[in-house]
Amino acid sequence: MPTPPKPEPRTPSANASVWNRVAQTDDFKKLLAAKKAFVVPATIFFILYYFALPVSVGYFPALMQRKVWGPVNIAYLFALSQFLVAWLIAYLYVRAAREFDIRAAAVIKDLGNLEAKGN
Amino acid sequence: MNTTLILFLAFIAVTLGITAWASRLSGSSASYFAANRRVSAWQNGVAVAGDYMSAASFLGIAGLIAFFGYDGFMYSVGFLVAYLTVLLVVAEPLRNTGKYTMADVLAYRLHPRPVRAMASLSTITVSTFYMIAQMVGAGALVALLLKGSGISFRLAVTGVGILMIVYVVFGGMIATTWVQIIKAILLISGTILLSFMVLAHFGFSLGAFFTAVSQVHYHAPDGTEVVKDFLTPGLRYKPPYGALDLLSLGIALIFGTAGLPHILVRFYTVPDAKTARFSVVWAMWLIGIFYILTTFLGWGAATIVGRDFIAKNGGNNMSAPLLAQALGGSIFFAFISAIAFATILAVVAGLTISASTSFAHDVWSNIIRHGQEHNPGEERRVARIAAFVVGAISIAIAIVLGPTANVAFLVALAFAVAASANLPVILFSIFWKRFNTAGAVAGLATGLLASIVLIFLGPSIMTVDAPTVAPAARHIIQHAPIFPLENPGILSIPLGFIGAILGTLCSQRDPAGEEKFAELQVRANTGLGAEKAVAH
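Residues numbered from 1 in each chain as written. Chains lettered and ligands numbered in written order. Predicted model: local features only at pLDDT ≥ 70, side-chain atom pairs only at ≥ 80, totals over all residues.

Thoughts on the overall build of chain B
Looking only at helices and strands, chain B features 19 helices and two strands. For 536 residues, the compact-globule estimate of 2.2 N^0.38 gives 24 Å, and the C-alpha radius of gyration of chain B, at 23 Å, lies within 12% of that figure. Summarising its shape, the C-alpha atoms of chain B cover approximately 70 × 50 × 45 Å along the three principal directions. The 536 residues of chain B split such that 62% are buried. Contacts in chain B between residues far apart in sequence, at least 24 positions, make up 81% of those at least 6 positions apart. (Helix = DSSP H or I, 4+ residues; strand = E, 2+ residues; numbered from the N terminus. Rg over C-alpha atoms; globule rule 2.2 N^0.38 Å. Buried ≥ 20, exposed ≤ 12 C-beta atoms within 10 Å, placed from the backbone. Contact = placed C-beta atoms within 7 Å.)

Regarding the overall build of chain A
Check the secondary structure of chain A and you find four helices and two strands. Its helices and strands in sequence order give chain A the pattern α-α-α-β-β-α, from N to C terminus. Considering only intrachain contacts with a sequence separation of at least 6, the fraction spanning at least 24 residues in chain A is 68%.

Things to note about the environment of Val-270 of chain B
Residue and element names in this part refer to chain B. Mapped onto the secondary structure, Val-270 falls in the loop between helix H11 (261-264) and helix H12 (273-305). On the basis of neighbour counts, which here come to 27 C-beta atoms within 10 Å, the residue Val-270 falls in the buried class. Not counting chain neighbours up to four residues away, the residues in contact with Val-270 comprise Arg-37, Val-39, Ala-41, Asn-44, Arg-95, Thr-275, Ala-276 and Ser-279.

Thoughts on the packing of helix H4 (residues 55-68) of chain B against helix H7 (residues 112-145) of chain B
All names here are of chain B. Where H4 meets H7, the axes come as close as 11 Å, and the angle between the chain directions of the two elements is 65°. When you trace H4 past H7, the crossing you get is left-handed. The segment H4 lies against H7, with Ala-55, Ala-56 and Leu-59 engaging Gln-134, Gly-137, Ala-138 and Leu-141. Across the contact of H4 with H7, the residue classes tally to five nonpolar, two polar and no charged. (Axes fitted to C-alpha atoms, helices over the stretch in contact; angles between N-to-C directions. Left-handed = near helix turned anticlockwise from the far one by under 90°. Nonpolar A, V, L, I, M, F, W, Y, C, P; charged D, E, K, R; others polar.)

Observations concerning the interface of chain A and chain B
Counting residues at the interface gives 54 residues for chain A and 49 residues for chain B. Secondary-structure elements contributing two or more residues to the side of chain A that touches chain B are helix H1 (16-24), helix H2 (26-59), helix H3 (61-64), strand S2 (72-73) and helix H4 (74-116) of chain A. Tallying contributions element by element places H4 of chain A first for the side of chain A that touches chain B, with 17 residues. Residues belonging to the side of chain A that touches chain B are distributed by class as follows: 40 nonpolar, nine polar and five charged.

With respect to the nonpolar core
Soluble globular proteins tend to bury their nonpolar side chains together. Residue and element names in this part refer to chain B. Counting residues in hydrophobic clusters, the biggest one holds 226 residues, and the most contacted among them are Leu-106, Val-160 and Ile-287. Per element, the largest residue contribution to this core is 28 residues, and it comes from helix H14 (residues 319-368). With sequence-adjacent residues up to four places away left out, Val-160 is seen in contact with Met-135, Ala-138, Val-142, Ile-344, Leu-345 and Val-348. (Core = buried A, V, L, I, M, F, W, Y, C linked by C-beta atoms within 7 Å.)

Some thoughts on the pairing of strand S1 (residues 216-219) of chain B
For a regular strand, side chains alternate in direction, first toward one face of the sheet and then toward the other. Residues and elements named next belong to chain B. Pairing analysis gives four bridges linking S1 to strand S2 (residues 225-228), with the strands arranged antiparallel. Within the sheet, the bridge partner assigned to His-217 lies in S2 and is Val-227. Between S1 and the antiparallel strand that follows it, S2, lie five residues; Gly-223 among them carries a positive phi value of about 95°. (Pairing = 2+ DSSP bridges.)

Let's talk about the environment of Ser-492 of chain B
Residue and element names in this part refer to chain B. Here Ser-492 shows up in helix H18 (residues 489-505). For Ser-492, a count of 28 C-beta atoms within 10 Å translates into the label buried. Sequence separation between Ser-492 and Leu-448 is 44 residues; the distance between their C-alpha atoms is 8.4 Å. Contacts of Ser-492, omitting those with residues within four sequence positions, involve Ala-416, Ser-420, Gly-447, Ala-450, Ser-451 and Leu-454.

Comments concerning unusual backbone geometry
Residue and element names in this part refer to chain B. Positive phi, normally seen in glycine, also occurs at Ala-35, with a value near 50°. Considering the arrangement of structural elements, one finds Ala-35 in the loop between helix H2 (29-34) and helix H3 (41-52). Ala-35 gets classed as buried once you count the C-beta atoms within 10 Å, which come to 28. If you check the backbone angles, Arg-37 has positive phi at about 55° while not being a glycine. Judged by C-beta crowding, with 23 C-beta atoms within 10 Å, Arg-37 ranks as buried.

Below, the structure written as structure tokens:
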């Protein structure tokens, strides 16, 4: 039994115009804007915070070796804080993503309406 | 028969049982390559953690911390933070737009054949290099752990290789996923238990623990006794290039993880993007806890067992098992050794399935067969053959290299290629409308080539060894390194991005590809038209 041929990936989708119209809806634009508003600053922040560690360990060793709690120095506490910050950003993202999911559902509803209008 | 061997055999029996069970479930391609996309968030999260926490982490990082203190912990930090790139940028769009491989996303709006060919080359390169590093480590370790049982390096490598082929060929993604889950649970429990025993050794006083860590005694190679503060950075990465190398390592870690093919394929096993998101969060908990605890393993070994003793009994990779022996006797040593063994097996199985899936799906089905299966089950059959071939080649290369070969650079290479070749083109195909086929091919080629060339010109390959170094452990080229860093990321990653940008800007615009950008964006962000989970 031959399997049904899969569509060639490059062939334009039959409903290409629908994708374009969905991309133009306010709901979709709002979804992208909401994602951007979280993801861009969060990404910039975690990258800067992360690279602050190797940069300060490598180029400011005296400061990093200062002991703050018995023998425990700033370098170790800074490294540990990276774990907490990573978990915190992950938590904030999951919280923000609830809104993305609601907005994505609205976009899917819009698509239903576009198709119902006879496309 | 010793206890270690019995525990090894128990793990093998359980995992082969799972493989037999899974082989009866594997009836379709979605089942074989993506576990029917019905893996739950926690299961996939644990499996991602399992795929990621390799023997290089468990034994290697613990060993680095035991020998060099703080600098080893820098790896641990990068390994966790890397998952933010996966969570925020890659996992959900990948799940929404792809089917089985990373190349699916790239081929979505570009010319599929050249893009798939390059992406597959990069995937297979990363997986094979990473696998050879694991296999050489595995052979040396198994032979050492089972010392006295008559199992040689060759037999150990062949055994590990055959087992991983069996898991992948017969059990597919379902068996591989469960092997990962079991291994990850064993590894995390073993690490927590061992860390608890380290703390117990210091009377549950963190103060006493850190005081011991701040004055670690050992003997330098010339015989003089040294006392070092292992909380101090810079014991491994020394001037003049140490700081830059550390930075370069960090860049490769946090951008490379999101381009590792064996991690990316895991996101195709869940039902939807939301589950992919929660599985990354699950993975981040486990990976974070594990890597924080690596300091207890490493510093525990440095203070309780001592660097001198570890160096005489198998070297820094044996730090964690020797710590277990010192704290819990031979039974606990056997337990921790069996976990290390499970770790190696599970990771090589994950690597094999990602390499063979890429060959079957990208090269065979989409390039050679133009996206159409001529016979039912053909893609799966090709994947099984590819898994067998990849496994056999890795066994052969690992045996030729031998147990003392210096293979750590292969892991650095895998991360560098993933970060320099794969990540730029994944990002551009999702976020840059103008991006085109020439850009993707140029980006992949530049990133791949730059990483390989810089590693070969760097100190991992080119170093003048002291005459006392054993022949097998010598560096391949006895010459001062031309590129001063062990980690090429700081140069190769920008080169990968520049290659992708120049390739795009210097070639004609692709109106058909840009036309499909709207479709890709809608699909990536809403999950419309995404591959569905297979019903019972």
